[in-house]
Amino acid sequence: MRRHKVILDIVVYPDKRLRNKSTNVLEFDEKLHNLLDDMYETMITKEGIGLAAIQVGITKNILIINLANEDEKQIKEDLLEVINPKITHLEGSEIYQEGCLSVPGYYDDVQRAKSITVEYFDRYGQKIIKDLDGLLSIAMQHEMDHLKGHLFIEKLSYLKRKKFEKEWKKKLKAGK
Ligand code: Y12
Ligand code: CO
C-alpha cells in the first residue's frame, strides 16, 4: 500500500542511543517494509548515501546504502536494503574520507578493509551474498559499525579525536 512520505529525526552525536547494540530482525513484514521506506525517504531528504536504523532510534540490524552511479545520479534501482548482515571475509586496507548524518559537518580519513564479503537478507527474507569493494565496501563497514554501537570518529587517532571533541562542543554551544 502507498503511504505518505515520512521523514524521521536523525539521532545526532553525542546522543548515547548511538552506542546501543542492535538486534536481529525476526519478521520480514509490513512494519519492516514501512521502516525501510521511511529510512529511504529520510536518507534522500537529508542528502545521505547510507543510513542505519539506529540513526533513527530503532535498534534493529537494518541499514540502507544508495551510492551515486557513474552519471553521479542516486537512483533507487541501486538501493541496497540490508537486514541482519554478517561480514564473512575482509581483505586489504584502504583510507577514505568519511562523513555521517549523525555527525553532520565533520569528515575525516578512516582506515578500513578494502574488500569484504557480506551475507544478509533483503526485505523479503531472501538471503544475499555479495563481494564488495570500493565505496560500497567502505559504506557497508561504516553502516555495520552503527549496528554494533560504533561511530567512525572512534577510529580517529587520540589527538584528532580530542580536537574533534573540542570543536563539536563549541559547535553545540553555538547551537549549530
Ligand atoms: C563512505 C563513507 C561514509 C558513508 C556513510 C554514509 N554517510 C552519509 O551518508 C553522510 C551524509 C552526510 C550528509 C550531509 O549533508 C549534506 O551534505 C547536505 C552532511 O553534512 C551536514 O549535515 C552538514 C554530512 C554527512 C558512506 C560511504
Ligand atoms: Co554513519
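Our subject is the structure that appears above.
This structure is a prediction, so every number in the text was calculated from the model and none was measured.

Participant: Report on the packing of aromatic side chains, specifying residues and quantitative values.
Facilitator: Under the defined criterion, the tally for this structure stands at 6 aromatic pairs. Members of the aromatic cluster, connected to one another through ring pairs, are Y13, Y106, F152, F164 and W168. We note K76 situated over the ring of Y40; from NZ or CZ to the ring centre the distance is 4.4 Å.

Participant: I'd like a description of the pairing of strand β6 (residues 115–121), backed by residues and values.
Facilitator: Where strand β3 (residues 80–91) meets β6, 6 bridges bridge the pair, whose relative direction is antiparallel. If you follow I87 over to β6, its bridge partner there is V118. Taken together, the 6 bridges between β6 and strand β7 (residues 127–132) define a ladder with antiparallel strand orientation. Considered in β7, the bridge of F121 is made with K127. Hairpin connection between β6 and β7: a loop of 5 residues separates the two successive antiparallel strands, and G125 in this loop has a positive phi of roughly 85°.

Participant: How would you summarise the site of ligand 1 if you had to cite specific residues and measurements?
Facilitator: Taken together, 18 residues lie near ligand 1, and I49, G99, P104, Y107 and E143 sit nearest. In this structure, I49 approaches ligand 1 through a main-chain N or O atom, which is 2.7 Å from an oxygen atom. Between ligand 1 and the protein, one listed contact pairs an oxygen atom with a side-chain N or O atom of Y107 at 2.9 Å. Within the complex, 76% of the 630 Å² of free accessible area of ligand 1 lies under protein. Breaking the shell around ligand 1 down by element, the ones donating at least two residues are β4 (94–98) and α2 (134–147). No other element matches α2, which puts 5 residues into the shell around ligand 1.

Participant: Would you mind going over unusual backbone geometry in detail, with residue names and values included?
Facilitator: For the bond running from Y13 to P14, omega is 10°, close enough to zero to count as cis. With respect to the helices and strands, the residue P14 is situated in the segment before α1 (30–45). One non-glycine residue, E72, lies in positive phi territory at about 65°. Among the structural elements, E72 can be located in the loop between β2 (62–65) and β3.

Participant: Give me the lowdown on the layout of surface pockets, citing residues and values where you can.
Facilitator: Roughly 420 Å³ of internal volume is contained in the largest pocket. Around the largest pocket, the lining is made up of 19 residues, and of these I49, E98, G99, C100 and L101 lie nearest the centre. Where the lining of the largest pocket is concerned, the elements lending two or more residues are β4 and α2. The greatest single-element share of the lining of the largest pocket, amounting to 5 residues, is contributed by α2. Along the lines of polarity and charge, the residues of the lining of the largest pocket split into 9 nonpolar, 7 polar and 3 charged. Its boundaries defined by the atoms lining it, the second largest pocket holds a volume of some 280 Å³. Considering the residues around the second largest pocket, the lining is formed by L8, V25, L26, E27, D29, K31, L32, L35, V56, I58, K60 and I62. Of the residues that constitute the lining of the second largest pocket, the class distribution is 8 nonpolar, no polar and 4 charged.

Participant: Please set out the coordination of the cobalt ion (ligand 2) residue by residue, giving values where relevant.
Facilitator: Summarising the metal site, the cobalt ion (ligand 2) is bound by the protein donors C100 (SG), H142 (NE2) and H146 (NE2), whose distances to it range over 2.1 to 2.2 Å. Sequence spacing among the residues donating to the cobalt ion (ligand 2) works out to C-x41-H-x3-H. Note that C100 is positioned in the loop between β4 and β5 (108–112) and H142 in helix α2, a separation of 42 residues in sequence. Residue C100 is classed as buried on the basis of its relative accessible area of 10%. Of the residues examined, H142 reaches a relative accessible area of 6% and is grouped as buried.

What counts as what
- Residues numbered from 1 in each chain as written.
- Chains lettered and ligands numbered in written order.
- Predicted model: local features only at pLDDT ≥ 70, side-chain atom pairs only at ≥ 80, totals over all residues.
- Heavy atoms only, no water.
- Phe/Tyr/Trp six-rings, centres within 6.5 Å; stacked < 30°, edge-to-face > 60°.
- Lys NZ or Arg CZ within 6 Å of the ring centre and 35° of its normal.
- Pairing = 2+ DSSP bridges.
- Helix = DSSP H or I, 4+ residues; strand = E, 2+ residues; numbered from the N terminus.
- Near = heavy atom within 4 Å.
- Polar contact = N/O pair within 3.5 Å; in protein donor to acceptor, adjacent residues only side chain to side chain.
- Areas by Shrake-Rupley, 256 points an atom, 1.4 Å probe, with all protein chains shown as cover.
- 1 Å grid on protein atoms, 1.4 Å probe; cavity = no way out; pocket = protein on both sides within 12 Å on 5 of 7 lines; lining within 4 Å.
- Points joined across faces, edges and corners; volume = space filled by probe spheres on them.
- Nonpolar A, V, L, I, M, F, W, Y, C, P; charged D, E, K, R; others polar.
- Donors = N, O, S within 2.8 Å, 3.2 Å for Na, K, Ca; no water.
- Buried < 20%, exposed > 50% of the residue type's maximum accessible area, 1.4 Å probe, protein only.

Fair warning: the whole summary comes from geometry, so function is off the table for now.
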